[in-house]
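Structural description and commentary
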Amino acid sequence: MDLKLLFMSTLFGIICCSSAQQEGNECIKANALSCGECIQVGAKCGWCTDTEFLKQGEPTSARCDELESLRKRGCDATGIEDPRGSLKILKNKAVTNRKKGAEKLRPEDITQIQPQKLSLNLRSGEPQNIKLRFKRAEDYPIDLYYLMDLSYSMKDDLENVKNLGTSLMKEMSKITSDFRIGFGSFVEKTVMPYISTTPAKLLNPCSGDQNCTSPFSYKNVLKLTSNGAQFNSLVGKQQISGNLDSPEGGFDAIMQVAVCREHIGWRNVTRLLVFSTDAGFHFAGDGKLGGIVLPNDGKCHLENNMYTMSHYYDYPSIAHLVQKLSENNIQTIFAVTEEFQPVYKELKNLIPKSAVGTLSANSSNVINLIIDAYNSLSSEVILENSKLPEGVSISYQSRCKNGVVNEGENGRKCSNISIGDEVSFNINITAQGCPKQGKPESIKIKPLGFTEEVEIMLNFVCECECHKHGIRNSEMCHNGNGTFECGACRCNKGRVGRQCECRKDEVSTEDLDKNCRKDNGTDICSNNGECVCGTCECKKRDNPEERYSGKFCECDNFNCDRSNNKLCGGHGRCECRVCICDANYTGSACDCSLDASTCLASNKQTCNGRGICECGTCRCTDPKFQGPTCEICPTCPGVCTEHKECVQCRAFGTGEKKDTCERDCSYFNLIKVKDREKLPQPVQAFPLMHCKERDANDCWFYYTYAVNNTEREVHVVETLECPAGPDIIPIVAGVVTGIVLIGLALLLIWKLLMIIHDRREFAKFEKEKMNAKWDTGENPIYKSAVTTVINPKYEGK
């Protein structure tokens, strides 16, 4: 089981390494045939323009490699083409620091986003970073258009809205000194299925004696104005209408309000659309009920402030509305009754920069609703960009209030922004490859609901600088069959080869293949390449450091001898499977050092005069000596005495060196054994010395000293032998005598105490005996031991 796991983990490691190499080798795998193709592969790729750079057998595409690899392969830094992208700011007007009550500015003079225009040169795979600043301006102008459902169910709401103009003007003056308001109304498409089952109802669609106006799709009642009284006057003249089904045609009205800029009077300021209704909505496809099949065209169709094409075009789709509202920077506030809150909240999730408020039954709370919704919308900034060219990607990072940093989709926005607050966005724009024909493109980035935007011109780095100096139909490219540029031939159509020397239809003929067989063998290009125009072009390896070369691709730089798992021992380079060693190294794997300084002993002799220096290591000619410079003699006299103190302190913590043991005695490996039989015997392949030493307490300890290659080893018996010698007998005898004398003394004392105690007890007994008085009468408790029994039958006979 362990072997299986080991095999699987090894295999997994090989796969991972191989995968990592392939992923990191995109430059070589691209097989780029020109400098322009090379730099489009990725930001790490460069092209060597040195005409002498390629070795025999290497294809033109070998000029394209990672920058570090090109330098290692011998390409001078001045010969490497590696164009970089760049950024240039074309318009950079500072954001406006304006206070309410200050001098009034025109809307076009107010700046909330910086910079406004940039130009980028994009190199494939290299991101360009843009930093945008956004600051909510104080006293920023607002245009508000009130779009109201005038179906019969909104009758009581209309009464409250009639005075909305002056009241809303008063409240909005607390936010901005430049406020304009407009009014529009809608009911439904003027086709039979939506209005009534009888044409007579068209003039007065309401039931009973109610006086209603004729139904209509959308009417622009009042263009945006700063005159609140005019708003009250015109809205006061409006009448309700009616229709057959509950959903209304509000989407038609929203579309016209969004696209009819001149009719509505929108300025380049904050644009708010308040959509007030107590019903649902029709959307794309519902027009079929009235025989309308043409999709909404998203264009303005107002004549005399009336939408005239409701009978011709279907309702817009939600996606179409989102597009037009975003294009025209309109923020929508849905003021709807509680019954339809769930429907419009779902719609809000589909329309960026929109809000939903609960409208009371008679619209009495509409002013507070608008103020709250505006504050909610204006406190959030969300960036959006126009459609990106193919191959271009964009990422956002926002830096909001209180140091909050967002990334990913949340990197597009910041919330809880108050007036005067400033936030910033880091935007990375990256191109992959080069768009078709490399033509410049442009994109726009803007905060949703704001009219300001940032324009970014995109230019793509599709060719190298050396491309400009190319020589068309150059003689260096086989009689003019290609353009000589960036150190190589870019072949004309239909030509191949390093010098464009062949036509494509002749690259694999048998005659040409003969030139790719070494020594007339059978293998084409040694099975390490392809024969192109009679010349071997060697295969590329996944590892960019490994290459095939040679006229027949018979050479490589990765199959040389290794030492310590390093190619050529790390002291040379591999050329055509042979190690070319660095200075002071030799051997097939460059593992033999010619530096003899490592063999010099402290006495400046080579190997202490007892050996020969080979590959930087001493080979001792005297078998008794060992060590890096033949300085150790494990079996020589005095060895045991030399190491005694260190063995004693390390094994038993005693001796003269016990205080400096760690410093002075760490030169050998200590191994403890239980008894003398476990000590190594002198039958090893290296010299070994048995030692017996005595400590200060006359205890013996046993150990062996040996040198195994360059490692010094000491095996020591872990217990001391401390025999009882003649010097200790008098001490023991004295101790024993003392113990005996003490025992006798204690015994005598005990005997004396017992005698005294016995005599006292006997005297006491005698005294009591003298004092005793005895009575001679019969003992009352005495009973005779004789019992007399009379036989009743006995008659004395």
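Before going into details, it helps to say that this report is about the structure given with it. (Residues numbered from 1 in each chain as written. Predicted model: local features only at pLDDT ≥ 70, side-chain atom pairs only at ≥ 80, totals over all residues. Heavy atoms only, no water.)

What about the pairing of strand 42 (residues 711-717)?
Using the following cut-off: For two strands to be treated as a pair, DSSP must find no fewer than two bridges joining them. Under the scheme used here, helices are H or I runs from DSSP no shorter than 4 residues and strands are E runs no shorter than 2 residues, and both carry numbers assigned from the N terminus.
Bridging between strand 39 (residues 669-673) and strand 42 involves 5 bridges; their strand directions are parallel. Opposite Val673, over in strand 42, you have Val717 as the bridge partner.

Here's the deal with helix 13 (residues 366-378)
As a reminder, the rule being used: One less than the number of residues in a helix, times 1.5 Å, gives the span that helix is expected to have. Throughout this description, buried means an accessible area under 20% of the type-specific maximum (1.4 Å probe, protein chains only), exposed means over 50%, and partly exposed covers the range between. In what follows, a contact means two residues having at least one pair of non-hydrogen atoms within 4.5 Å.
With 13 residues, helix 13 extends 18 Å from end C-alpha to end C-alpha; this agrees with the ideal 18 Å at 1.5 Å per step. Buried within helix 13 we find Val366, Ile367, Leu369, Ile370, Ile371, Ala373, Tyr374, Leu377 and Ser378. Elements that come into contact with the buried residues of helix 13 comprise strand 8 (142-149), helix 6 (164-172), strand 11 (270-277), strand 14 (330-337) and strand 15 (354-359).

Comments concerning the pattern of salt bridges
In a structure, side chains of opposite charge can pair up when their charged atoms sit close to one another. Cut-off, in case you're wondering: Salt bridge, as used here, is a side-chain nitrogen of Lys or Arg placed within 4 Å of a carboxyl oxygen of Asp or Glu.
For the coordinates displayed, the defined rule picks out 29 salt bridges. For Arg490, the salt bridge is made with Glu485, and the minimal N-O distance between the two is 3.2 Å. Exposure remark for Arg490: the relative accessible area of 28% places this residue in the partly exposed category. The class of Glu485 is buried, set by a relative accessible area of 6%. When the shortest N-O distance is used, the salt bridge between Arg541 and Glu546 registers 2.8 Å. Owing to a relative accessible area of 29%, Arg541 belongs among the partly exposed residues under this scheme. One continuous salt-bridge network, built from bridges that share partners, spans Glu58, Asp65, Arg73 and Arg547.

Let's talk about the nonpolar core
The nonpolar side chains of a soluble globular protein tend to be buried, and buried together. Which entries qualify depends on this criterion: For our purposes a nonpolar core is just a set of buried Ala, Val, Leu, Ile, Met, Phe, Trp, Tyr and Cys residues, chained together by side-chain atoms within 4.5 Å.
Grouped together as the largest cluster of nonpolar side chains are 38 residues, with contacts concentrated most on Leu144, Tyr146, Met148, Leu164, Leu168, Phe179 and Phe183. Apart from the residues lying within four places of it in its own chain, the contact partners of Tyr146 are Val161, Leu164, Gly182, Phe183, Gly184, Val274, Ser276, Val366 and Ile370. In this structure, Leu147, Val257, Ile264 and Tyr313 belong to the second largest nonpolar core, which totals 31 residues.

Focus: the packing of helix 9 (residues 250-259) against helix 11 (residues 318-327)
Counted only if it meets this: Axes here mean lines fitted to C-alpha atoms, for a helix over just the part in contact, with angles spanning 0 to 180 degrees between N-to-C directions. Any angle from 65 to 115 degrees is called roughly perpendicular, while one under 35 is roughly parallel, one over 145 is roughly antiparallel, and all others are oblique. Whether a crossing is left-handed or right-handed is set by the direction in which the near helix is turned from the far one by less than a right angle, anticlockwise for left-handed and clockwise for right-handed. By the convention adopted, Pro, Cys, Tyr, Trp, Phe, Met, Ile, Leu, Val and Ala count as nonpolar, Lys, Arg, Asp and Glu as charged, and the other residues, Gly among them, as polar.
Put simply, helix 9 and helix 11 touch, their axes get as near as 9 Å, and they point 25° apart. Regarding the angle of helix 9 to helix 11, the classification is roughly parallel. For helix 9 against helix 11, the interelement crossing comes out left-handed. Side by side, helix 9 and helix 11 meet where Phe251, Ile254, Met255, Ala258 and Val259 of the first sit next to Ile318, His320, Leu321, Lys324 and Leu325 of the second. Considered class by class, the residues forming the contact of helix 9 with helix 11 number 8 nonpolar, 1 polar and 1 charged.

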